[in-house]
Amino acid sequence: MRRILVGIKRVIDYNVRVRVRPDGTGVVTDGVKMSANPFDSIALEEALRLRERGEADEVLAVSVGPMEAQQQLRDALAMGADRAILVKADATLEPLAVARAFLALLERETPRLVILGKQAIDDDCSQTGQMLAALWDRPQATSASKLEVKGEVARVTREVDAGLETLEVDLPAVITTDLRLNEPRYIKLPDIMKAKKKPLEVIELAALGVDAAPELKVLKFEAPPQRQKGIMVKDAGELVAALKQRGLA
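Now for a description of the structure that goes with this document. (Residues numbered from 1 in each chain as written. Predicted model: local features only at pLDDT ≥ 70, side-chain atom pairs only at ≥ 80, totals over all residues. Heavy atoms only, no water.)

Section: the sheet that holds strand S1 (residues 3-7)
- One open sheet accounts for nine strands, arranged S9-S8-S7-S10-S6-S1-S4-S5-S11; its pairing is mixed. With one partner strand each, in any of the chains shown, strand S9 (163-170) and strand S11 (200-204) form the two edges of the open sheet. Each neighbouring strand pair of the sheet contributes to a mean axis angle of 30°, computed without reference to strand direction.
- Inspection of the sheet shows S1 paired to strand S6 (residues 113-117) by three bridges, in the parallel sense. When the bridges of S6 are listed, Ile-4 appears paired with Leu-113.
- This element, helix H1 (residues 38-52), spans S1, strand S4 (58-65), S6, strand S7 (140-150) and strand S10 (173-177) of the sheet and lies at about 150° to S6. (Pairing = 2+ DSSP bridges. Helix = DSSP H or I, 4+ residues; strand = E, 2+ residues; numbered from the N terminus. Axes fitted to C-alpha atoms, helices over the stretch in contact; angles between N-to-C directions. Contact = heavy atoms within 4.5 Å.)

Regarding the environment of Gly-26
- Looking at the element boundaries, Gly-26 is found in the loop between strand S2 (10-12) and strand S3 (34-36).
- Under the relative-accessibility criterion, Gly-26 is labelled buried at 5%.
- A C-alpha to C-alpha distance of 25 Å links Gly-26 and Gly-129, two positions 103 residues apart in sequence.
- If sequence neighbours within four positions are ignored, Gly-26 has contacts with Val-20, Arg-21 and Phe-221. (Buried < 20%, exposed > 50% of the residue type's maximum accessible area, 1.4 Å probe, protein only.)

What to know about the pairing of S10
- By the criterion of burial, S10 is predominantly enclosed, with five of the five residues buried.
- Side chains Ala-173, Ile-175 and Thr-177 project from S10 onto one buried face, and the interleaved Val-174 and Thr-176 project onto a second face that is buried too.
- Summarising the sheet, S6 and S10 pair through five bridges and their orientation is parallel. Following the sheet pairing, Gly-117 is matched in S10 by Thr-177.
- Bridging between S7 and S10 involves three bridges; their strand directions are parallel. Considered in S10, the bridge of Gln-140 is made with Val-174.

Details of the nonpolar core
- Within the largest apolar cluster, 36 residues are counted, with the highest numbers of intra-cluster contacts made by Ile-4, Val-6, Leu-44, Leu-113, Ile-115, Leu-147 and Ile-175.
- For this core, the leading source of residues is H1, giving six residues.
- Listed in part, the 26 residues of the second largest apolar core include Ala-89, Ala-101, Leu-105 and Val-210. (Core = buried A, V, L, I, M, F, W, Y, C linked by side-chain atoms within 4.5 Å.)

Digging into unusual backbone geometry
- The peptide bond linking Leu-171 to Pro-172 adopts the cis configuration, its omega dihedral lying at 0°.
- By secondary structure assignment, the location of Pro-172 is in the loop between S9 and S10.
- The phi angle at Asp-124 is positive, at roughly 55°, despite the residue not being glycine.
- Positionally, Asp-124 belongs in the loop between S6 and helix H4 (128-136).
- Phi at Ser-143 takes a positive value of approximately 55°, unusual for a residue other than glycine.
- Checked against the element boundaries, Ser-143 lands in strand S7.
- The class of Ser-143 is buried, set by a relative accessible area of 18%.

Quick look at the structure:
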């Protein structure tokens, strides 16, 4: 079966202002709206479009995270994914551990294509896709703004500083998505009801034999410093004088 595996990460909704806990041990999540990572929604939309164009037979949505991530997977099913898998992990995982979890599923599901968001808006690591491709020993193309699949080749257009770059990679491969690739479809109420009957499997991370030990130690979370109030100047000369007064020129 020509299967596309799509990663879905549960994150704080992009419209919510993130607040650091008073003790600096993390960010406040109690009572905070959570949603799917926006880049992952773009990845899912692209997988659905490929299926609609006849380039895939099944779209599998996968999340590695807490039990609450089932809600984001249900949304993915309502959006059009055929089935979903939650790899249950209570602790926050680093990108390498997530990539190892995906690799264990790849060996079982044997997808034709893996599509992930280029980064998550909570940690901004932008590493999981690249690490997964290295562990899987398959080609990768990151930050795709256009994706075409023809036979066993994927053609990816990327926006770079000098313009546009086009890559061709043999399948299976890992693709990560940029914002301009597409606009995810709106989820309708009938699709939400249908999603309740679609299969959603829960697997314990330990059952996959994944080493989830952290490689990094986070010492403290801090909010960015408050921005200082600016001043208005009449002309360039006054600007230079103000910069000199502050020791900036």
